[in-house]
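Structural description and commentary
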Amino acid sequence: MSCLGMGNMRLPVHSDKPDTPIDYEKAQEIIDYAMEQGINYYDTAYVYHSGESEKFLGKAMEKYSRDSFYLATKFLYHANPDYKAVFKEQLERLQTDYIDFYLIHAVSDNVYENYINCGCIEYFLEQQRAGKIKYLGFSAHASVKVLEKFASHHQWDFAQIQLNYFDWLYGSAKAEYEVLCEKNIPIMVMEPVRGGRLAALSSQADALLQEKQPEWSDSAWAFRWLKSLPQVQVVLSGMSTLEQIQENIQVFSDERAVTKEEEKVLFEACRAFRNQVQVPCTACRYCTDGCPANINIPKLLSIYNRYKVDGKWALQEIDRIDSKGKPEDCLDCKACVAHCPQGISIPEMMKEMAELRR
């Protein structure tokens, strides 16, 4: 298998509006270029692009010999718990008699029991014995404890986890990797650049990286770090433009990984990036007593920090927290700033979040 895999969750579309159809012509160009350059692992799922990703991929791969590429797709319980019907539909969408790599999709602490008890694992093992699935695995967004329990169900052929250097330092990626290594489960990587967030770091972090390797982009650093992990088999990238795939192919065209010395620089840059993009709120709550809009400022600043690292989707949490006032209710009176021991420009943070929520 190619070390670089093509993710089909972010294919080019006709506009930025929700549920916009896939731009088949541009997406086909990307697939054709990928095949031409030796990428042979194509990952999709039942729900990607509202179900259209599988259909597109089935059509896009018609021109190629079935044994020249590997298809990976997934069963998501919450999308449709009828796993037999889903699997039948997926074979039809992908225009194939078998799936090379089939995954139980998005195992989490909340859905773990559903997957264990609904019978889907046993059914997919039957399909594997029948030759309709070549390799059976799972993707996980679970706690380390639940990941370990699910990984112990039987000897899985592979697993897919969110793995990047930021989550290695500040999340649970290192512990997840070690669990899978202990159980000798090969790893497919998702979110290698954290949804694009690690493709453009802060100025201080960039300066550290460029001084060490001036020819490498931020994305190249992220990919080359993953190459240093021996359990990693395929690194998925959701490439939506030809420019992205060309850059990624260039990085993967050789086996060069980061050295231990380069890893130290990368981790230093990661710490600088995290410190530079986040606000140093200690949740002392000195700011909340005099807020005329009754805004739970510490909670909102916690979400702001998540947004700066995880992206705009983190702001969805704002409507679920205990706060009478929302960012858009901020009066810019600066009473909070006068009481903040850290000197945080709180109204600026509120304004930024309010504008993003419009």
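One can find the structure itself at the top, above this paragraph.
Cut-off values and rules
- Residues numbered from 1 in each chain as written.
- Predicted model: local features only at pLDDT ≥ 70, side-chain atom pairs only at ≥ 80, totals over all residues.
- Heavy atoms only, no water.
- Core = buried A, V, L, I, M, F, W, Y, C linked by side-chain atoms within 4.5 Å.
- Buried < 20%, exposed > 50% of the residue type's maximum accessible area, 1.4 Å probe, protein only.
- Helix = DSSP H or I, 4+ residues; strand = E, 2+ residues; numbered from the N terminus.
- Contact = heavy atoms within 4.5 Å.
- Pairing = 2+ DSSP bridges.
- Axes fitted to C-alpha atoms, helices over the stretch in contact; angles between N-to-C directions.
- Parallel < 35°, antiparallel > 145°, perpendicular 65-115°, else oblique.
- Left-handed = near helix turned anticlockwise from the far one by under 90°.
- 1 Å grid on protein atoms, 1.4 Å probe; cavity = no way out; pocket = protein on both sides within 12 Å on 5 of 7 lines; lining within 4 Å.
- Points joined across faces, edges and corners; volume = space filled by probe spheres on them.
- Nonpolar A, V, L, I, M, F, W, Y, C, P; charged D, E, K, R; others polar.
- Disulfide = S-S within 2.5 Å.
- Lys, Arg positive; Asp, Glu negative; His and termini not counted.
- Salt bridge = Lys/Arg side-chain N within 4 Å of Asp/Glu carboxyl O.

Here's the deal with the nonpolar core
Residues Y42, I104, Y115, F124, F138 and L163 are the most contacted members of the largest nonpolar core, which totals 90 residues. A per-element tally of this core places helix α12 (residues 260-277) first, with 7 residues. When neighbours within four sequence positions are excluded, F138 is seen to be in contact with L103, I104, V107, L147, F150, A151, W156, F158, A159, Q160 and L180. Core analysis: the second largest hydrophobic core is formed by 22 residues, L301, A314, L315 and I344 among them.

What to know about the pairing of strand β7 (residues 187-190)
Covered by surrounding structure in β7 are I187 and V189 together with M188 and M190, the residues of both alternating faces. Direction of pairing for strand β6 (residues 158-162) relative to β7: parallel, over a ladder of 4 bridges. Note that in β7 the partner of Q162 across the bridge is M190. Sheet topology places β7 next to strand β8 (residues 232-237); 3 bridges connect them, and they run parallel. When the bridges of β8 are listed, M188 appears paired with V234.

Topic: the packing of helix α9 (residues 203-212) against α12
Across the interface, α9 lies against α12 with an axial gap of 7 Å and an inter-helix angle of 165°. Between α9 and α12, the interaxial angle falls into the category roughly antiparallel. For α9 against α12, the interelement crossing comes out right-handed. Contacts between α9 and α12 involve S203, Q204, A205, L208, L209 and K212 on the former and, on the latter, E261, E262, V265, L266, E268, A269, A272, F273 and Q276.

Thoughts on empty space enclosed by the protein
All chains considered together, the criterion is met by 2 cavities of 30 Å³ or more. Here the largest cavity defines a volume of roughly 90 Å³. Residue lining of the largest cavity: 16 residues in total, with C291, P292, C330, C333 and C336 positioned closest to the centre. Looking at the lining of the largest cavity, the elements that each hand over two or more residues are α14 (335-339) and α15 (346-357). For the lining of the largest cavity, the class distribution of residues is 13 nonpolar, 1 polar and 2 charged. Taken as a whole, the second largest cavity holds about 80 Å³ of empty space.

Observations concerning the state of the cysteines
Between two cysteines, a covalent bond joining their sulfur atoms is known as a disulfide. Applying the stated criterion across every chain, the model contains 0 disulfides. In this structure C330 is not part of a disulfide, and its nearest cysteine sulfur, from C336, lies 6.2 Å away. For C330, a relative accessible area of 25% corresponds to the partly exposed category. Sulfur of C333: no disulfide; nearest cysteine sulfur belongs to C336 and is 6.1 Å away. Residue class for C333 comes out partly exposed when judged on its relative accessible area of 46%.

Concerning the sheet that holds strand β2 (residues 41-43)
Picture the strands of a sheet paired through backbone hydrogen bonds; they go either parallel or antiparallel. A barrel is described by the order of its strands in space; here 8 strands give the closed sequence β1-β2-β3-β4-β5-β6-β7-β8, paired in parallel fashion. Neighbour-to-neighbour, the strand axes of this sheet turn through a mean angle of 30°, independent of strand direction. Bridge count between strand β1 (residues 4-7) and β8: 3 bridges; the pairing is parallel. Opposite M6, over in β8, you have S237 as the bridge partner. Here helix α3 (residues 83-93) sits on the sheet and contacts β3 (70-75), β4 (99-107) and β5 (133-140); the angle it forms with β4, its principal contact strand, is near 135°.

Concerning unusual backbone geometry
Its identity is not glycine, yet N184 carries a phi of approximately 55°, on the positive side. Tracing the backbone shows N184 in the loop between α8 (173-182) and β7. The class of N184 is exposed, set by a relative accessible area of 57%. Phi at E191 takes a positive value of approximately 55°, unusual for a residue other than glycine. Among the structural elements, E191 can be located in the loop between β7 and α9.

Notes on the side chain of D206
Along the chain, D206 turns up in helix α9. Among buried Asp, Glu, Lys and Arg side chains, D206 stands out as unpaired, with R197 the closest opposite charge at 8.8 Å. Once residues within four sequence positions are removed from consideration, D206 is found in contact with L201 and D218.

Some points on the layout of surface pockets
Considering only enclosed or pocket space, the largest pocket measures out at about 680 Å³ in volume. In terms of lining, the largest pocket is formed by 30 residues, of which the most central are R10, E191, G195, S237 and G238. Elements with a contribution of two residues or more to the lining of the largest pocket: β4, β6, α10 (218-226), β8 and α11 (242-252). One number sums up the size of the second largest pocket: a volume of about 480 Å³. Every residue lining the second largest pocket is counted, 14 residues in all, and those nearest its centre are H141, Q162, R194, D310 and W313. Class assignment for the residues of the lining of the second largest pocket results in 4 nonpolar, 5 polar and 5 charged.

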